[in-house]
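# Architecture and fold: a report
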Amino acid sequence: MTMQIADSVQLSSPDAKARVHAAAARNNLRTEPKAVRIVIITLAMLFLSVFVVLPLVVVFAEAFSKGVLAYLAALSDPEALSAIKLTLIVAAISVGLNLVFGLVAAWAIAKFEFKGKTFLITLIDLPFSVSPVISGLVFVLLFGAQGYFGGWLRDHDIQILFAVPGIALATTFITFPFVARALIPLMQEQGTQEEEAAISLGASGLQTFFRVTLPNIKWGVLYGVLLCNARAMGEFGAVSVVSGRSSTTNTSSSRPSRSPRCWRCWR
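All of the points below concern the structure found in this document. Keep in mind it's a predicted model, so treat the numbers as computed, not measured.

Within this structure, the stated rule accounts for twelve aromatic pairs. Their ring planes at 35 degrees and their centres at 4.6 Å tell us that Phe64 and Tyr71 sit as a pair that is tilted. On the basis of relative accessibility, which here comes to 29%, the residue Tyr71 falls in the partly exposed class. Aromatic side chains Phe101 and Phe176 sit 5.2 Å apart centroid to centroid with 90 degrees between the ring planes, which places their arrangement in the edge-to-face category. Residue Phe101 is found in helix H5 (residues 78–111), and its partner Phe176 is found in the loop between helix H9 (164–175) and helix H10 (177–190); the two are separated by 75 residues along the sequence. Under the relative-accessibility criterion, Phe176 is labelled buried at 15%.

Right under this line is the structure:
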């Protein structure tokens, strides 16, 4: 009798009720027939195989179609080495700048309320809604010979377009949402309680950031940096516009043809 009373008391507690409801919810998710679950899983695997795995297989098959030695010989080509070097330089610049911007923007948006917050979020999402080619064209209109700053740049012998600065600018613009967008929801979910506690105990703003906030978001930072780096290395549209496809501005994702500055002369 005593055991029954104890069990009823345990079941009547809020935690016990929550566990019961959670178990019931899990059981409800498994009420679909086995055939339906098999069909859904098969469709998902088929989609991933066709749109993710198959393209990767084709890329590697074509890369090694003439053998490993031919692949290594192609990598040792001076133009290939120059393209890889430029890609790494541009990726390092854009990822570094976007890491700083993403941390600052996510910190401001998630931890503070201020005027213009919605506008800042809109600006962060802007590269997602603008074609990379149009983004490159904007830089051409700004820094080109007939652009807004073109005359001043020419008078001071400063080269932006068809050079590394132009490629870095375009790549940074295309990739700057990734770090911020990876961190904003994570930092909003964590709230401000830990930071407020650290400040109340006498910690400075920098101490709070590096000892409290940053350890909590380190995996989000890594995720955003990986996405940003992948997009920076694979970006083609904006880079092809601002680089002019010359031999000195040829990245690994943009190989020049025999007429480097011709728009329709691709091999």
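Helix packing for two helices is described by the angle between their axes and how far apart those axes are. Helix H13 (residues 218–234) packs onto H5 with a crossing angle of 145 degrees between their chain directions and a minimal axis gap of 9 Å. Relative to H13, H5 is oriented so that their crossing is right-handed. Between H5 and H13, the contacting residues are Thr87, Leu88, Ala91, Ser94, Val95, Asn98, Leu99 and Leu103 on the first element and Val221, Val225, Cys228, Asn229, Ala232 and Met233 on the second.

Attention now moves to the side chain of Lys117. If you trace the backbone, Lys117 turns up in helix H6 (residues 117–129). Judged by relative accessible area, Lys117 falls into the buried class, the value being 15%.

Glancing now at the nonpolar core. Within the largest apolar cluster, 18 residues are counted, with the highest numbers of intra-cluster contacts made by Leu103, Ile124, Leu183, Ile184, Met187 and Ile217. If you list the elements that add at least two residues to this core, you get H5, H10 and H13. What Met187 contacts, discounting residues up to four positions off in sequence, is Ala106, Trp107, Ala110, Lys111, Thr213 and Ile217. Listed in part, the ten residues of the second largest apolar core include Phe139, Leu161, Ala170 and Ile174.

Let's shift gears to the pattern of salt bridges. Where charged atoms from two side chains of opposite charge come close, those side chains can pair. Within this structure, the stated rule accounts for four salt bridges. Salt-bridge contacts for Glu113 lead to Lys117; the nearest nitrogen and oxygen are separated by 3.1 Å. Assessed through its relative accessible area of 70%, Glu113 is described here as exposed. Between Asp125 and Arg181 there is a salt bridge; the shortest N-O distance is 2.9 Å. Of this pair, Asp125 sits in helix H6 while Arg181 sits in helix H10, placing them 56 residues apart in sequence. In this structure Asp125 comes out as partly exposed when scored by relative accessible area, which is 26%. Overall, Arg181 belongs to the partly exposed group, its relative accessible area being 31%.

What counts, and where the lines are drawn
- Residues numbered from 1 in each chain as written.
- Predicted model: local features only at pLDDT ≥ 70, side-chain atom pairs only at ≥ 80, totals over all residues.
- Heavy atoms only, no water.
- Phe/Tyr/Trp six-rings, centres within 6.5 Å; stacked < 30°, edge-to-face > 60°.
- Buried < 20%, exposed > 50% of the residue type's maximum accessible area, 1.4 Å probe, protein only.
- Helix = DSSP H or I, 4+ residues; strand = E, 2+ residues; numbered from the N terminus.
- Axes fitted to C-alpha atoms, helices over the stretch in contact; angles between N-to-C directions.
- Left-handed = near helix turned anticlockwise from the far one by under 90°.
- Contact = heavy atoms within 4.5 Å.
- Core = buried A, V, L, I, M, F, W, Y, C linked by side-chain atoms within 4.5 Å.
- Salt bridge = Lys/Arg side-chain N within 4 Å of Asp/Glu carboxyl O.

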